[in-house]
Amino acid sequence: MSPVLEPVVPLSTRRRSVPRWLRRATGPLALLALWQVCSATGVLSPDTLAAPGTIASTAADMTRDGTLPDAMAVSVQRVAIGLALGGLVGIALALLSGLSRLGEDLIDASVQMLRSIPWVGMIPLFIIWLGIGEAPKIALIALGVAFHLYLNVYAGIRGVDAGLIEAGTALGLNRWGLVRHVVLPGALPGAMTGLRYSLATAWLALVFGETINADEGIGFLLNRAREFFQTDVIVVCLLVYAVLGLLADFVVRTLERLLLQWRPTFTGA
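Counting from 1, residues in each chain are numbered in the order their sequence is written. Totals for whole chains, interfaces and linings use all residues, but because this is a predicted model, local features are given only for residues with pLDDT of at least 70 and pairs of side-chain atoms are given and counted only at 80 or more. Hydrogens and water molecules were not included; the side-chain quantities draw on all heavy atoms of the structure.

Caption draft 1: Layout of the confidence of the model for the protein chain. Per-residue confidence for the protein chain averages 84 on the pLDDT scale, and 91% of its residues sit at or above 70. For every residue, the pLDDT score states the predictor's confidence, bounded by 0 at the bottom and 100 at the top. Starting at the N terminus, helices and strands are each numbered in turn, a helix being any DSSP run of H or I of at least four residues and a strand any DSSP run of E of at least two. Across the protein chain, helix 4 (residues 67-99) holds the top mean pLDDT of 93, while helix 1 (residues 11-15) sits lowest at 51.

Rendered as structure tokens:
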């Protein structure tokens, strides 16, 4: 009697029976449920940390009266301007340093030296140089962004396979052709990594920047809530930072899928 053969279902297919978004949401939902239980049973007092229901109600009230949307608009604008300025400076320096030995000799040592200085420690100087308006806040964000982009773009350029350069030369590409068709595409993964780090740094710098005589923005709401021990408002502001960071990371991931379609990657077993 011949054995009965059964079709083999790949492990990856069996796993996909549960939607991935649901699997990814399991951890946060479990933490939220634990938080609610601890608040309801008195393990967490309202003075220590407000309950999720209270935080949701506070967020709804702040959205309804326009406080939260206005603060988000101001903070997003600061991050966007700082990211644009820091990105232009960081990428420009990385291109000059990565594509030219002379540029590396003139630029890289200075950037590495400045990078070792904690950029948060520049706040007093920014206040002296730029005053207490918007300029020091944006400059602080731009400074943090520039270093991340410089390091990753520079590393991406210098990490391009020398064999690809030789192949491009053999095919008759001139220097600009090599840069355009070989070096820059090869450095693009590093640039995307640098952009993700830069966005995270931009939101972190915003928190520090909005402590500089700010009268609007998420950081202003956060500092004011700290003075009055409003833990619900503090958590709402922190959640806004988290959501904005996730949205920014989603945008970068989308750009990676569009710009790096040529690069096969491991997506998990």
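Resuming the write-up.
Caption draft 2: Seen up close, the environment of Leu130. With respect to the helices and strands, Leu130 occurs in helix 6 (residues 123-130). Think of it in three bands: with a 1.4 Å probe and only protein chains considered, a residue is buried below 20% of the maximum accessible area for its type, exposed above 50%, and partly exposed in between. Judged by relative accessible area, which is 40%, Leu130 ranks as partly exposed. Here the alpha-carbon distance between Leu130 and Leu102, two residues 28 residues apart in the chain, equals 32 Å. Excluding anything up to four places from it in sequence, Leu130 contacts Ala135, Pro136 and Ala139. Residue contacts follow a heavy-atom distance rule, with two residues in contact if any of their heavy atoms lie within 4.5 Å.

Caption draft 3: Expanded view of unusual backbone geometry. Here the phi dihedral of Phe229 falls at roughly 55°; this positive angle occurs in a residue that is not glycine. Counting through the fold element by element, Phe229 comes out in the loop between helix 10 (218-227) and helix 11 (231-259). Judged by relative accessible area, Phe229 falls into the exposed class, the value being 70%.

Caption draft 4: Representation of the environment of Arg64. Relative to the elements of secondary structure, Arg64 occurs in helix 3 (residues 52-64). Given the relative accessible area of 63%, Arg64 is considered exposed. Between the alpha carbons of Arg64 and Ala33 there is a distance of 26 Å; along the sequence they are 31 residues apart. Within the structure, the side chain of Arg64 is placed 2.8 Å from the side chain of Asp61, a separation counted as a polar contact. Under this definition, polar contacts are N or O atom pairs within 3.5 Å; protein pairs additionally need one hydrogen-donor-capable and one acceptor-capable atom, and for neighbouring residues in sequence, both atoms have to be side-chain atoms.

Caption draft 5: Structural view of a negative patch on the surface. On the surface, a cluster of negative charge is contributed by Asp65, Asp70, Asp215 and Glu216. Mapping Asp65 onto the fold places it in the loop between helix 3 and helix 4. The class for Asp65 is exposed, based on a relative accessible area of 55%. Patches draw on residues past 30% relative accessible area with no salt bridge. Two like charges within 9 Å are joined, as are two nonpolar side chains (Val, Leu, Ile, Met, Phe, Trp, Tyr) within 5 Å. Surface accessibility follows the Shrake-Rupley procedure with a 1.4 Å probe radius. Residue values consider only the protein chains on display as shielding. We define a salt bridge as a side-chain nitrogen of Lys or Arg found within 4 Å of a carboxyl oxygen belonging to Asp or Glu. His is not counted here, nor are the chain ends, while Lys and Arg score as positive and Asp and Glu score as negative. For charged residues, the charge sits on one atom: NZ in Lys, CZ in Arg, CG in Asp, CD in Glu.

Caption draft 6: Spatial organisation of the packing of helix 10 against helix 11. Interaxial angles span 0 to 180 degrees and are taken between N-to-C directions of axes, which are lines fitted to C-alpha atoms, for helices over the stretch in contact. Two numbers describe how helix 10 lies on helix 11: the axes approach to 8 Å, and their chain directions differ by 155°. Relative to helix 11, the element helix 10 lies roughly antiparallel. Here helix 10 and helix 11 pass one another in a crossing that is left-handed. For the pair helix 10 and helix 11, the contacting residues are Ile218, Gly219, Leu221, Leu222, Ala225 and Arg226 in the first and Val233, Ile234, Cys237, Leu238, Val240, Tyr241 and Leu244 in the second. In this classification, Asp, Glu, Lys and Arg are treated as charged, Ala, Val, Leu, Ile, Met, Phe, Trp, Tyr, Cys and Pro as nonpolar, and every other residue, Gly included, as polar. Of the residues assigned to the contact of helix 10 with helix 11, the class counts are 11 nonpolar, one polar and one charged. If an angle is under 35 degrees, it is roughly parallel; if it is over 145, roughly antiparallel; if it lies from 65 to 115, roughly perpendicular; otherwise it is oblique. Note on convention: the crossing is left-handed when the near helix lies turned anticlockwise from the far helix by less than a right angle, right-handed when the turn is clockwise.

Caption draft 7: Seen up close, the side chain of Lys137. Inspection of the secondary structure puts Lys137 in helix 7 (residues 134-158). Glu134 provides the closest opposite charge to the buried, unpaired Lys137, separated from it by 4.5 Å. Separated by 2.8 Å, the side chain of Lys137 and the backbone oxygen of Gly133 make a polar contact. Non-local contacts of Lys137, meaning those with residues more than four positions away in its chain, are made with Arg78, Ile132, Gly209, Glu210, Ile212, Asn213 and Ala214.

Caption draft 8: Quick look at the packing of helix 3 against helix 4. Axis separation between helix 3 and helix 4 bottoms out at 4 Å; the angle between their running directions is 75°. If you check the angle between helix 3 and helix 4, you find them roughly perpendicular. In this structure, helix 3 contributes Ala59, Met62 and Thr63 to the contact, and helix 4 contributes Thr67, Leu68 and Pro69. Looking at the contact of helix 3 with helix 4, its residues break down into four nonpolar, two polar and no charged.

Caption draft 9: Just the environment of Trp176, in detail. With respect to the helices and strands, the residue Trp176 is situated in helix 9 (residues 175-209). On a C-alpha basis, the gap between Trp176 and Asp65 in space is 55 Å, while along the polypeptide they are 111 residues apart.

Caption draft 10: Spotlight on the nonpolar core. Ranked by size, the top nonpolar core spans 37 residues in total, and within it Ile141, Trp203 and Ile218 carry the most contacts. At the level of secondary structure, the elements contributing two or more residues to this core comprise helix 3, helix 4, helix 6, helix 7, helix 9, helix 10 and helix 11. Residue contributions to this core peak at nine residues, all from helix 11. Apart from residues lying up to four places away in sequence, Ile141 is in contact with Arg78, Val79, Gly82, Leu83, Ala202, Ala205 and Leu206. Residues grouped as a nonpolar core are buried Ala, Val, Leu, Ile, Met, Phe, Trp, Tyr and Cys residues, joined through side-chain atoms within 4.5 Å.

Caption draft 11: Representation of the pattern of salt bridges. Applying the stated rule across the entire model yields six salt bridges. In this structure, the salt-bridge partner of Asp61 is Arg64, at a minimum N-O distance of 2.8 Å. Residue Asp61 and its partner Arg64 are located together in helix 3, separated by three residues, close to a single helical turn. According to the relative accessible area criterion, Asp61 is partly exposed, its value standing at 37%.

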